[in-house]
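For reference, the chains in residue letters:
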Amino acid sequence: MKQEEKNRRSRSHILEHAFAEFAQQGYLGASVNAICAAGSISKGLLYHYYADKDALYLACVERCFRDLTDALSAELHAQTVTPDQYFDARLRYFAEHPLHQRLFCDAVVNPPPHLRAELSACRAPFDALNETLLTAILQKETLAEGLSIRDAIRQLRILEDCVSTSLKNAEQGERQAEQHNRLCRQTFHTMLYGLIART
């Protein structure tokens, strides 16, 4: 086996067990010792490929957002996407990939403060896709006077941050990701169509 292929397999094996550990325990509860024990991985090998727990966590989060972004990109098209299609696709993906759901929630709702900049970089492609889809959705609507699409997207992001903060403070535990998606969907609909039904 060539060294390059051996390195790829070793990285993949480490990442597989780290992904499960961070998804199940969160950043704070996860342990390098547990990752090594679960995968029969020596600490020396793990640290050969990943400098520390932070580097390993960031690699897992980057994979989580990349996988989600790739799946949504394949399913949704800016020309035809609706808000319900977007949130249904997201919920469907998480139902099929529960570890991704839990890691996504940990990174969004409970981000380690010292890794905020790095986590922002990990989710940049996901944020870019969201902006593309939101722009396409908003272009089909008549916005309030003086409100640009860029301003509307900025406000939606602020509201999503508020949802994340609220869930973090409420410590919803296992149901955080489900609650996060449900509240984001409701917030988006409220932002677009208002709280009061018009007749």
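Scope of this entry: the structure provided in the associated data block. Bear in mind that the values here come from a model prediction, so they are computed numbers and not experimental data. (Residues numbered from 1 in each chain as written. Predicted model: local features only at pLDDT ≥ 70, side-chain atom pairs only at ≥ 80, totals over all residues. Heavy atoms only, no water.)

So, about the nonpolar core. Core analysis: the largest hydrophobic core is formed by 54 residues, its most contacted members being Phe 22, Leu 56, Tyr 57 and Leu 103. Beyond its immediate stretch of four places on either side in the chain, Tyr 57 contacts Phe 22, Tyr 27, Leu 103, Asp 106, Ala 107, Pro 112, Leu 115 and Leu 119. (Core = buried A, V, L, I, M, F, W, Y, C linked by side-chain atoms within 4.5 Å. Buried < 20%, exposed > 50% of the residue type's maximum accessible area, 1.4 Å probe, protein only. Contact = heavy atoms within 4.5 Å.)

Before going further, it helps to spend a moment on helix 8 (residues 124-139). Across its 16 residues, helix 8 extends 22 Å between first and last C-alpha, which sits within 8% of the 22 Å expected from 1.5 Å per residue. Listing the buried residues of helix 8 in full gives Phe 126, Asp 127, Leu 129, Asn 130, Leu 133, Leu 134, Ala 136, Ile 137 and Leu 138. (Helix = DSSP H or I, 4+ residues; strand = E, 2+ residues; numbered from the N terminus. Expected span 1.5 Å × (residues − 1).)

This paragraph deals with the packing of helix 1 (residues 3-29) against helix 2 (residues 32-39). The contact between helix 1 and helix 2 brings their axes to 9 Å, and the two run at 125 degrees. Classed by the angle they form, the pair helix 1 and helix 2 counts as oblique. Crossing of helix 1 over helix 2 shows right-handed handedness. Side by side, helix 1 and helix 2 meet where His 13, Ile 14, His 17, Ala 18, Glu 21 and Phe 22 of the first sit next to Ala 34, Ile 35, Ala 38 and Gly 39 of the second. Residues that form the contact of helix 1 with helix 2 fall into these classes: six nonpolar, three polar and one charged. (Axes fitted to C-alpha atoms, helices over the stretch in contact; angles between N-to-C directions. Parallel < 35°, antiparallel > 145°, perpendicular 65-115°, else oblique. Left-handed = near helix turned anticlockwise from the far one by under 90°. Nonpolar A, V, L, I, M, F, W, Y, C, P; charged D, E, K, R; others polar.)

Time to look at unusual backbone geometry. Note: most peptide bonds trans; most residues except glycine with negative phi. The backbone of Ser 40 shows a phi angle near 50 degrees, a positive value even though the residue is not glycine. Relative to the assigned elements, Ser 40 resides in the loop between helix 2 and helix 3 (43-49).

Take helix 1 next. Compared with the 39 Å implied by 1.5 Å per residue over 27 residues, the 33 Å span of helix 1 between its first and last C-alpha is markedly short. By the largest-angle criterion, Ala 23 marks the main kink of helix 1, which is about 75 degrees. When we look at burial in helix 1, the residues that qualify are Ser 10, Ile 14, Leu 15, His 17, Ala 18, Phe 19, Ala 20, Glu 21, Phe 22, Ala 23, Gly 26 and Tyr 27. Buried-residue contacts for helix 1 involve helix 2, helix 3, helix 4 (53-75) and helix 6 (98-109). (Bend = angle between axes of the 7 residues up to and from the residue.)

Take the state of the cysteines next. Overall, the coordinates contain zero disulfides when judged by the stated rule. No disulfide involves Cys 105; its nearest neighbouring cysteine sulfur is the one of Cys 184, lying 10 Å away. Taking relative accessible area as the criterion, Cys 105 reaches 4% and is therefore assigned buried. Of the cysteine sulfurs around Cys 122, a residue in no disulfide, the closest is that of Cys 64, at 9.9 Å. The exposure class assigned to Cys 122 is buried, which follows from its relative accessible area of 13%. (Disulfide = S-S within 2.5 Å.)

These figures come from the coordinates and say nothing about function on their own.
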